[in-house]
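Summary of the model geometry
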Number of protein chains: 4
Amino acid sequence: MNMNNARTATLLMHCPDRPGIVAAVTRFLAKQGANIIDLDQHVDRAEGVFFMRVKWELDGFALSAEGFGEPFEAAIARDFEATWQLHHDPRPIRMAVFVSKMPHCLYDLLSRWQSGEWRVDIPLVIGNHETLRPVAEQFGLPFHHVPITPETKAEQEAREIALLREHDVDLVVLARYMQVVSPQLIDAFPQRIINIHHSFLPAFAGAKPYHAAHARGVKIIGATSHYVTEDLDAGPIIEQDVARISHRDSVGELVRKGQDLEKLVLARGVWAHLQRQTLVYRNRTIVFS
Amino acid sequence: MNMNNARTATLLMHCPDRPGIVAAVTRFLAKQGANIIDLDQHVDRAEGVFFMRVKWELDGFALSAEGFGEPFEAAIARDFEATWQLHHDPRPIRMAVFVSKMPHCLYDLLSRWQSGEWRVDIPLVIGNHETLRPVAEQFGLPFHHVPITPETKAEQEAREIALLREHDVDLVVLARYMQVVSPQLIDAFPQRIINIHHSFLPAFAGAKPYHAAHARGVKIIGATSHYVTEDLDAGPIIEQDVARISHRDSVGELVRKGQDLEKLVLARGVWAHLQRQTLVYRNRTIVFS
Amino acid sequence: MNMNNARTATLLMHCPDRPGIVAAVTRFLAKQGANIIDLDQHVDRAEGVFFMRVKWELDGFALSAEGFGEPFEAAIARDFEATWQLHHDPRPIRMAVFVSKMPHCLYDLLSRWQSGEWRVDIPLVIGNHETLRPVAEQFGLPFHHVPITPETKAEQEAREIALLREHDVDLVVLARYMQVVSPQLIDAFPQRIINIHHSFLPAFAGAKPYHAAHARGVKIIGATSHYVTEDLDAGPIIEQDVARISHRDSVGELVRKGQDLEKLVLARGVWAHLQRQTLVYRNRTIVFS
Amino acid sequence: MNMNNARTATLLMHCPDRPGIVAAVTRFLAKQGANIIDLDQHVDRAEGVFFMRVKWELDGFALSAEGFGEPFEAAIARDFEATWQLHHDPRPIRMAVFVSKMPHCLYDLLSRWQSGEWRVDIPLVIGNHETLRPVAEQFGLPFHHVPITPETKAEQEAREIALLREHDVDLVVLARYMQVVSPQLIDAFPQRIINIHHSFLPAFAGAKPYHAAHARGVKIIGATSHYVTEDLDAGPIIEQDVARISHRDSVGELVRKGQDLEKLVLARGVWAHLQRQTLVYRNRTIVFS
């Protein structure tokens, strides 16, 4: 059990900016006995929007997860026209991993889970090829082979959705899944599907970004983790990182170096989500620190 | 005139952690008509200390710079045992630059000032050699030659302190000054002298860090800007950055590459100070974002 | 005088790959008395092309700059179908700087020149606005105001070319020039015009890249220095670098942080050119280390 | 099978610098039918030492691994007083991994091996605790528990050496092994033991570097992979990298962020060794690119 998470609550909210929001929210929380351990707020002055993340200890807090909404709406949310989410984290987030044939991100995610680095449950791994079944099973996880062809896509995604619901999945991680996910799956898990794209988006969206990067002669390659939306490789970015390359690097070397980036950037994106640090507003992700 | 600074106030404070501090402070400010535009707080749970930076618009704020202290002490500071500073920024910070013979940091600082990138006044440049007089004068700034020998050090530093006071200096920047500053000068400007050290501290403190880095065969060099204390190169770090090197780089190449680092890291450290983002606690610098 | 440059010659060459090229070239040079101090070669196996940079001491070398071509063609170049350039560096490269209204890159370049960090001559600065005349003149350099409108572009560029020829300019640096350079100027200085673009190309080519980066919600911004070709922002990349940003950064903050990147990336690109480390092949730049 | 390695030879050499070395070596190789695919040389002018790495295709090369030494000594090495190593790479390098209780580096190394990213054999894992036996065995590798106490150290290291010899091990990787290795083991595998230290050496050598980094208030943490010598944490550095931290990061957060660095920096160090890119000279590592 991770003490930092197990006994805290996290509130994420945004609303039109106006004076007094922080004072009102923190006063509300203080009255209910909250000891705030982290507060990060930000005003986008161009948009006129106020964003806040507050985290407090549940010890001594008067409200239950179910009992929070009504008084918070009455005291704060209605007045400030706030959109908000509360995370009491009573249990670990349940995460499904989708893969295709490349194993590096899968190894990385499963190692973080199995070693206890991440407080997360992984009820299943889904692959559109059988290739990575041995990796999942070596880590003691059930692997579901759900092959997808243009003809079977709708039907097979329906089967995936059923599997995810059956296993009570909160978060879907596309670990180099190499399939375009259709709206029905996205709508079933809005802002809860994280993808890793193997380029520094918006550069080199789409297929074969390392080939394109090599052809363009860039001196730096990147990777991007983002929430999946209906626009391919255009969803809200959570995390990006880059690595320096040189003219000596063939496409094969870019692929090899890029895999280390992909692992890191995907892991950091998932970690931010697990920590309830992310808040999507329009097509951008606020990542509170 | 930089609108972001000209009409805002910034409060930096720390105190023993306990519930309700954010609520109390933001409520106090809201009552006085403050529109908070930035609030960053942090609890060091190992030390049990609460840190906060709050910035608000002065339009509509009821208290003057002089009138703030008494009600804030009465309502907040005494009760929470808070140490605090208020910055109304009625005028630009007045910054003196100390140099020796190397010009790169001086060029960089003066360019940022002259171009208006920084809202700062530079009333004088002091050098322990005549070397950089032409640079200061080319930028239209008075240059004072204050040569220092072991015998004349106490006397010459007294002269420097007099010059700094005469010009109403708030901040002293040691731009590769290459002289150890004595306690009398440090005590006259506590936490208001920023130095750039040409290594990734605490590695390679002291003289000739690039030679030492080369001899040790490191693969990365660094630079560190920090507040000056009586312990050489051991004051609270504000900013650090690094650059990758290789076996191909001679000591001369390290010096050349390091100069770009030094300029950047010193400029970022000074910028954080100018923005009132820094708060020193014991030997560490909180740099609010 | 920079000893590293003053008494050396640098050969840059490429040719179809086949066995024996290094042996043949180094044997040729050894026979003429060259002491090689740096040799960097690279084979692009996908393209089947061999690239090499060799640098040697001129002390004891038998051939003059003029006398090199004939024996080298006879012994090496014809046989291997090599394209080559020899740089004897008998005098500093002569560099013109083109500017518009933003001063940060100009300050940076002129500081490197004036301080002697770079062994380069700057015979003139050309601006399409008067804005930066004081900066150039403060550094003691002639400033030519060549305003450009759609109607006068051809005529004014002809004037620029005349100025560049009159001053015997080798290299043109566009230091945030903000004008599209037309083919007549590019053709007059092929692979000798370096531009800084304020994004991580190919992302955000064209106008207002910081606004575009902010709108896309990227977590990292970049800058790119490249040789200018007729395709806007699509020429061979010399150098790129990036800086991490967050949701807290407004467009104005991106501009401010980006300026430091632009200075560094332009300076590194120009430095690589000055050191004769760059070799353009198709649309990519080999940057020898 | 990795074609790039399977059919190539790599020569690493250093000798006192003098004219004609590259010409002599490449001519020797060309005569024997070598097609050079990579040549990287470097002269340390301060030390007067020449370093070179040459890689060529074995197809058509006249000399066997055993037959290379005599003619190369006769034609080159004796004359130039060269120290050299030839790597024909007839079989994958055999690598042992030493661990203690922390699993992250072990997972990372085994994933790279099992996925085929690295062409390497891992005949055994040795732990001074039983903790990581399940990880090794899950990957199908034998795990040897060799507990070490001050009293049993000499005896147990002798057992380790016996195990390493029995399994024909070429390279020992200390993956957060947390034990000081004694001279007898180092002497048995000179320049063939790679350690990961969890700081940016030479800063924070010894125990608990993350605690020390936190106490010093650094803004960047690092990791260092190096060859093990008898001086603790002072051996020739192969690779380093860093990550930015802030005042918000507790020691626990530094540990968590540092683990990702450790994995990367150890993997890059081992990779450079596997690629025969490293050459130790005195206490520095040349890492050819």
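Residues numbered from 1 in each chain as written. Chains lettered and ligands numbered in written order. Predicted model: local features only at pLDDT ≥ 70, side-chain atom pairs only at ≥ 80, totals over all residues. Heavy atoms only, no water.

**Overview of the packing of helix α4 (residues 104-114) of chain A against helix α9 (residues 251-274) of chain A**
Residues and elements named next belong to chain A. Closest axis-to-axis distance for the α4/α9 pair is 9 Å, and the angle between their directions is 40°. The angle between α4 and α9 places the two elements in the oblique class. Once α4 is placed against α9, the crossing between them reads as right-handed. Only Q259, E262, K263, L266 and A267 of α9 make contact with α4, whose side of the interface consists of H104, C105, D108, L109 and R112. (Axes fitted to C-alpha atoms, helices over the stretch in contact; angles between N-to-C directions. Helix = DSSP H or I, 4+ residues; strand = E, 2+ residues; numbered from the N terminus. Parallel < 35°, antiparallel > 145°, perpendicular 65-115°, else oblique. Left-handed = near helix turned anticlockwise from the far one by under 90°. Contact = heavy atoms within 4.5 Å.)

**Remarks on the pairing of strand β12 (residues 278-281) of chain D**
Residues and elements named next belong to chain D. Alternating positions in β12 separate into two faces, T278 and V280 on one and L279 and Y281 on the other, with burial throughout. Alignment of β12 against strand β13 (residues 284-287), held across 4 bridges, turns out to be antiparallel. Within β13, the position partnered with T278 by the bridge is V287. Following β12, the chain reverses through 2 residues before pairing antiparallel with β13; R282 in that reversal takes a positive phi of roughly 50°. (Buried < 20%, exposed > 50% of the residue type's maximum accessible area, 1.4 Å probe, protein only. Pairing = 2+ DSSP bridges.)

**Some points on the interface of chain C and chain A**
The extent of an interface is frequently quoted as the accessible surface area lost upon association of the parts. On the chain A side, the residues contacting the 34 residues of chain C number 34 residues. Carbon and sulfur atoms supply 52% of the area that chain C and chain A bury against each other, a total of about 3,000 Å² over both sides. D241 of chain C serves as the salt-bridge partner of R244 of chain A, at 3.7 Å between the closest nitrogen and oxygen. Counting every contact that joins chain C to chain A gives 24 residue pairs in polar contact (both at pLDDT 80 or more). When residues of the side of chain C that touches chain A are traced back to their parent elements, those giving at least two are β2 (35-44), α8 (209-216), β11 (237-244) and β13 (284-287) of chain C. Per element, the largest residue contribution to the side of chain C that touches chain A is 7 residues, and it comes from β11 of chain C. Each residue belonging to the side of chain C that touches chain A can be placed in one class, and the counts come to 15 nonpolar, 9 polar and 10 charged. (Buried area = accessible area lost by both parts, 1.4 Å probe. Salt bridge = Lys/Arg side-chain N within 4 Å of Asp/Glu carboxyl O. Polar contact = N/O pair within 3.5 Å; in protein donor to acceptor, adjacent residues only side chain to side chain. Nonpolar A, V, L, I, M, F, W, Y, C, P; charged D, E, K, R; others polar.)

**Points about the sheet that holds strand β10 (residues 220-227) of chain C**
Residues and elements named next belong to chain C. Taken together, 7 strands build an open sheet; the order of strands is β7-β6-β5-β8-β9-β10-β11 and the sheet is mixed. The two strands at the open ends of the sheet, each matched to only one other strand, are β7 (143-145) and β11. If you compare each strand with its neighbour and ignore which way they point, the axes differ by 20° on average. Across 3 bridges, strand β8 (residues 171-174) lies against strand β9 (residues 193-197) in parallel orientation. Residue pairing in the sheet places V172 in a bridge with I193 of β9. Strands β5 (93-99), β6 (120-127), β8 and β9 of the sheet are contacted by helix α4 (residues 104-114), whose axis makes an angle of about 155° with β6.

**Observations concerning the interface of chain D and chain B**
In this assembly, 34 residues from chain D lie in contact with 34 residues from chain B. Taking both sides of the interface into account, the surface hidden between chain D and chain B amounts to around 3,000 Å²; carbon and sulfur atoms contribute 52%. For chain D, the biggest contributors to the area lost against chain B are R216, H247 and R284 of chain D; these three give 25% of the whole. The tally of links from chain D across to chain B stands at 6 salt bridges. Taking the shortest distance from any N to any O, the salt bridge between R248 of chain B and D40 of chain D comes out at 2.4 Å. Linking chain D with chain B are 24 residue pairs in polar contact (both at pLDDT 80 or more).

**Observations concerning the state of the cysteines**
For the structure on display, the rule yields 0 disulfides over all chains. Distance from the sulfur of C105 of chain D, which forms no disulfide, to the nearest cysteine sulfur (C105 of chain A) is 18 Å. Among the residues examined, C105 of chain D registers a relative accessible area of 1% and is labelled buried. (Disulfide = S-S within 2.5 Å.)

**A few points about the relation of the copies chain D and chain B**
Overlaying chain D with chain B gives an RMSD of 0.0 Å, the required rotation being 180° about an axis along which the chain moves by 0.0 Å. Taken together, these values place the two copies in the relation of a two-fold axis. Identified as the residue of chain D closest to the rotation axis by C-alpha distance is A203 of chain D, at 2.3 Å. Take the interface residues of chain D: 100% of them recur as interface residues in chain B, which is what a same-surface contact looks like. (Least-squares fit on C-alpha atoms with pLDDT ≥ 70 in both.)

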